[in-house]
Amino acid sequence: MQIELGPLSRIEGHLNVKTTVIDNVVKDAQCVGEMFRGFEVILRGRDPLDAQQITQRICGVCPYAHAIASSYAQEKAYGITPPTNGRILHNLIQGANHLYDYILQFYQLSALDFIDITAIVNYHGTDRDLVQVRDWVKAELAAKNTFPGAPFLPRLKGQYLHNDEINIGALKHYIEAMEIQQKANRAAAIFGGKFPHATGIFPGGCAQKPTIDLISTYQALIEEVRDFIHQKYIPDLLAVAHAFPDYWHIGQSRGGFMSFGVLPLGPGADSRRLFAAGVLLDGKVRPVDFGLITEDVKYARYSSPSGLRVTEGQLTPAPEKNEAYTWVKAPRYNGQMVEVGPAARVLVDYKQGNNPQVTKLVDRFAAKARITAKQLNSVLGRHLCRAISAVIIADFLLEETERIEPGGPSALDLEIPATGEGFGATEASRGALLHYIRLQNHKIEKYECVVPTTWNCSPRDDRGNPGAMESALIGTKVANPAVQIESVRIVHSFDPCLACAVH
Ligand code: NFE
């Protein structure tokens, strides 16, 4: 039986997932990106300083990661290193965006796969928000509406959490989470400018000069976000994990893991990072070599050659191409499929023992859940690794504010050379993000982006091997093939962003 799960709700952009189910097991899965965008074509011939602005338009969720990757690539191409304040402000902006994104991903995009929204009909308290949600859900249930755009309903048929107190508490936090996300965005906007597309981030630093007032406003906002992470987000996630332990074993991808590392601790994008970079293949972590990244297009709707390196990337759309089933390319590392994202970031760091806080939190949560680090490759593992990232990044941002030199320079004067090239790599919330720029006559000759969801929602490569999410779906046991709540939970655990994936 072939089933289309899409277009899937609670993700960014348009993802369709096609599964073939035989005897209640997913035998095959295809991830389908349903649109073409072409940012790499738009960038050709432009002023290089347009790049960190234009690439932010790839996405309204992770724009800062694109601005940062673009700035790092340009810094390489121009041969410059931002002053300490510039680097710290980049970190403060990008880190706040990560916090916003993890909270959004858990509450708005995933929690209602597990938390039972219908428990709200048993709510008899006086909280205004909850009363409103209760009355709305009651009316929807009574009308038997199937409201495609609604945030809460319809929900898929399946097992949900049974405890009314936890369900209703999590719904309250669902609502609070939106205010907290706003606070994280306000913190980033202090130095970056208005969310989602910041004007303040550029190669060589940041437009805003840090004053004591601005720094303390930033600190106060991040402290509130940090409190929410510890007091609401982590307990709600652990309640879900406790109720659904099977999901430590569901949704394993069948390749390696890659992280580019995030939040540099010293001058220049190449310095050590809060989370370390690396490729984890066959149990060993090795340094990342961008020269080994290629993109296959046998099953993607492009007629440009397959298997090109990032520096050679091409993009010729071929909507009618035979065999192709998606607009998403298939990136590979040395020919191998890797998963990127929170589990990759945490595993790559944990395996290297780079950050004692990562090691401590993984060990603590693993002991609590009676799992090993291996099970971070799972639905719950991805969710837990986001929460671990959030805890560590929130602490780091507050420490980082102490290192700012108030009133000191935060940017460099720029001179664009006639020629030059550079890679810029960082971790967007969804994983490893790479930008590449090459200049000719002071203009952009080539611009390439290899984006987290492109890795995770990749189609088959030229040898027929599936992408990370496809591989995580194949083999999954589903109770009800027509509904497949198990598959939907797997898809949501990757937090796909199709706008980014096709870019
Ligand atoms: Ni559009 Fe993005 C992806 C993230 S790319 S959300 O994939 O995180 O930087």
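Above this text you will find the structure in question.
Just so you know, these numbers come straight off a predicted model, no measurement behind them.

Contacts to the ligand come from Cys-59, Cys-62, His-66, Ala-428, Ser-429, Arg-430, Leu-433, Val-451, Pro-452, Thr-453, Cys-497 and Cys-500. The separation between an oxygen atom of the ligand and a polar side-chain atom of His-66 is 3.3 Å. Residue Ser-429 places a main-chain N or O atom 3.3 Å away from an oxygen atom belonging to the ligand. Grouping the amino acids of the shell around the ligand by side-chain chemistry returns eight nonpolar, three polar and one charged.

This part takes up the coordination of the iron atom of the ligand. Here the protein supplies the iron atom of the ligand with just one donor, Cys-62 (SG), and that contact is 2.5 Å long. Between the iron atom of the ligand and the nickel atom of the ligand, a spacing of 3.2 Å is present. Here Cys-62 lies in the loop between α2 (51-54) and α3 (63-78).

As defined by bridge partners, strand β2 (residues 15-22) adjoins strand β3 (residues 25-33) across eight bridges and the pair is classed as antiparallel. Bridge pairing in β3 links Lys-18 to Gln-30. What sits between the antiparallel neighbours β2 and β3 is a turn of two residues, in which Asp-23 has the positive phi angle 50 degrees.

Bringing the coordination of the nickel atom of the ligand into the picture now. All of the protein donors around the nickel atom of the ligand are Cys-59 (SG), Cys-497 (SG) and Cys-500 (SG); their distances to the metal are 2.2 to 2.3 Å. The site at the nickel atom of the ligand holds four donor atoms, and with the angles between them running 102 to 113 degrees, its shape is tetrahedral. Along the chain, the residues donating to the nickel atom of the ligand fall in the pattern C-x437-C-x2-C.

Another point: the packing of helix α5 (residues 128-143) against helix α6 (residues 164-192). Running from N to C, α5 and α6 cross one another at 105 degrees; their axes reach a closest spacing of 10 Å. In this view, α5 runs roughly perpendicular relative to α6, as classed from their interaxial angle. Residue-level inspection shows Asp-129, Leu-130 and Val-133 of α5 in contact with α6, the latter providing Ile-168, Leu-171, Lys-172 and Ile-175. In terms of residue class, the contact of α5 with α6 is made up of five nonpolar, no polar and two charged.

Moving on, we get to the sheet that holds strand β11 (residues 293-296). Backbone-to-backbone hydrogen bonds pair the strands of a sheet. The strands run either parallel or antiparallel. Judged by pairing direction, the sheet is antiparallel, and its three strands sit side by side in the order β12-β11-β13 without closing on themselves. The sheet terminates laterally at β12 (308-309) and β13 (330-333), the two strands that pair on one side only. Sheet analysis places β11 next to β13, joined by four bridges and oriented antiparallel. The residue bridging Glu-295 from the neighbouring strand is Pro-331, located in β13.

Turning our attention to unusual backbone geometry. For the bond from Phe-195 to Pro-196, the omega torsion is 5 degrees, close enough to zero to count as cis. Mapping Pro-196 onto the fold places it in the loop between α6 and β4 (201-202). Backbone geometry places Asn-24, a non-glycine residue, at a positive phi of 60 degrees. Here Asn-24 shows up in the loop between β2 and β3. With a relative accessible area of 34%, Asn-24 lands in the partly exposed category.

Within this structure, the stated rule accounts for 23 salt bridges. The salt bridge involving Lys-172 is made with Asp-129; its shortest N-O contact spans 3.6 Å. Highlighted residues: Lys-172 in helix α6 and Asp-129 in helix α5, separated in sequence by 43 residues. Taking relative accessible area as the criterion, Asp-129 reaches 29% and is therefore assigned partly exposed. Here Arg-345 and Glu-427 are joined by a salt bridge, their closest N and O atoms 2.9 Å apart. Of this pair, Arg-345 sits in helix α8 (residues 342-352) while Glu-427 sits in strand β15 (residues 420-428), placing them 82 residues apart in sequence. Classification of Glu-427 by relative accessible area gives buried; the value is 0%.

Moving on, we come to the packing of helix α4 (residues 84-107) against helix α10 (residues 379-402). Contact geometry of α4 with α10 gives a least axis separation of 9 Å together with a crossing angle of 150 degrees. Considering the angle they form, α4 stands roughly antiparallel to α10. For the crossing formed where α4 meets α10, the hand is left-handed. Every residue of α10 that contacts α4 at Arg-87, Ile-88, Asn-91, Leu-92, Gly-95, Ala-96, His-98, Leu-99, Tyr-102 and Gln-105 is listed here: His-383, Arg-386, Ser-389, Ala-390, Ile-393, Ala-394, Phe-396, Leu-397, Glu-400 and Thr-401.

Soluble globular proteins tend to bury their nonpolar side chains together. One finds Leu-15, Leu-99, Ile-103, Phe-191, Tyr-218, Ile-229 and Tyr-233 to be the most contacted residues of the largest nonpolar core, which totals 151 residues. Leave out the neighbours within four places in its chain, and Tyr-233 touches Tyr-102, Ile-103, Phe-106, Tyr-107, Phe-228, His-383, Arg-386, Ala-387 and Ala-390. Core analysis: the next-biggest nonpolar cluster, separate from the first, contains 15 residues, Val-279, Val-310, Ala-425 and Leu-434 among them.

Over its 16 residues, α5 runs 23 Å from end to end, which matches the ideal 22 Å to within 8%, given 1.5 Å per residue. Within α5, burial applies to Leu-130, Val-133, Arg-134, Val-137 and Glu-140. The buried residues of α5 occupy an angular sector of 135 degrees when projected down its axis, which confines them to one face. Among the exposed residues of α5, those pointing more than 90 degrees away from its buried face are Arg-128, Gln-132 and Ala-142. Along its buried surface, α5 packs onto α6. Its side-chain oxygen at 3.0 Å from the backbone nitrogen of Asp-129, Asp-127 defines the N-terminal cap of α5. Of the residues trailing α5, Lys-144 is marked for its positive phi of about 50 degrees.

Reading guide: rules and limits
- Each chain carries its own residue numbering, running from 1 in the direction its sequence is written.
- Totals for whole chains, interfaces and linings use all residues, but because this is a predicted model, local features are given only for residues with pLDDT of at least 70 and pairs of side-chain atoms are given and counted only at 80 or more.
- Note that the side-chain values use all heavy atoms of the structure and ignore hydrogens as well as water.
- Put simply, a residue is near a molecule or strand once any heavy atom of it comes within 4 Å of that molecule or strand.
- N or O atoms within 3.5 Å of each other form a polar contact, as long as, within protein, one can give a hydrogen and the other can take it, and as long as residues adjacent in sequence are counted only when both atoms are side-chain atoms.
- Amino acids outside the nonpolar list (Ala, Val, Leu, Ile, Met, Phe, Trp, Tyr, Cys, Pro) and the charged list (Asp, Glu, Lys, Arg) are all regarded as polar, and Gly is one of them.
- A 2.8 Å cut-off from the metal defines N, O and S donors, relaxed to 3.2 Å for Na, K and Ca; water is not in the atom list, so some sites may appear incomplete.
- Think of it this way: any DSSP run of H or I at least four residues long counts as a helix, any run of E at least two long counts as a strand, and we number them from the N terminus.
- Any two strands between which DSSP finds at least two bridges are classified as paired.
- Just to be clear on the cut-offs, tetrahedral is four donors with all angles between 85 and 135 degrees, square planar is four donors and octahedral six with opposite donors over 155 degrees apart and all others between 65 and 115, and anything else goes down as irregular.
- Each axis is a line fitted through C-alpha atoms, taken for helices only over the stretch in contact, and angles between the N-to-C directions span 0 to 180 degrees.
- We call two directions roughly parallel when the angle between them is under 35 degrees, roughly antiparallel when it is over 145, roughly perpendicular when it lies between 65 and 115, and oblique otherwise.
- Residue contacts follow a heavy-atom distance rule, with two residues in contact if any of their heavy atoms lie within 4.5 Å.
- Only protein chains enter the accessibility calculation, which uses a 1.4 Å probe. A residue is then buried if its area is under 20% of the maximum for its type, exposed if over 50%, and partly exposed in between.
- By definition here, a salt bridge exists when the distance from a side-chain nitrogen of Lys or Arg to a carboxyl oxygen of Asp or Glu is within 4 Å.
- Should the near helix be turned anticlockwise from the far one by less than a right angle, the crossing is left-handed, and should it be turned clockwise, the crossing is right-handed.
- Definition used in this section: a nonpolar core is a set of buried Ala, Val, Leu, Ile, Met, Phe, Trp, Tyr and Cys residues joined via side-chain atoms within 4.5 Å.
- In this scheme, a helix's expected span is set at 1.5 Å multiplied by one less than its residue total.
- Think of the arc as the fan of directions from the helix axis to the C-beta atoms.

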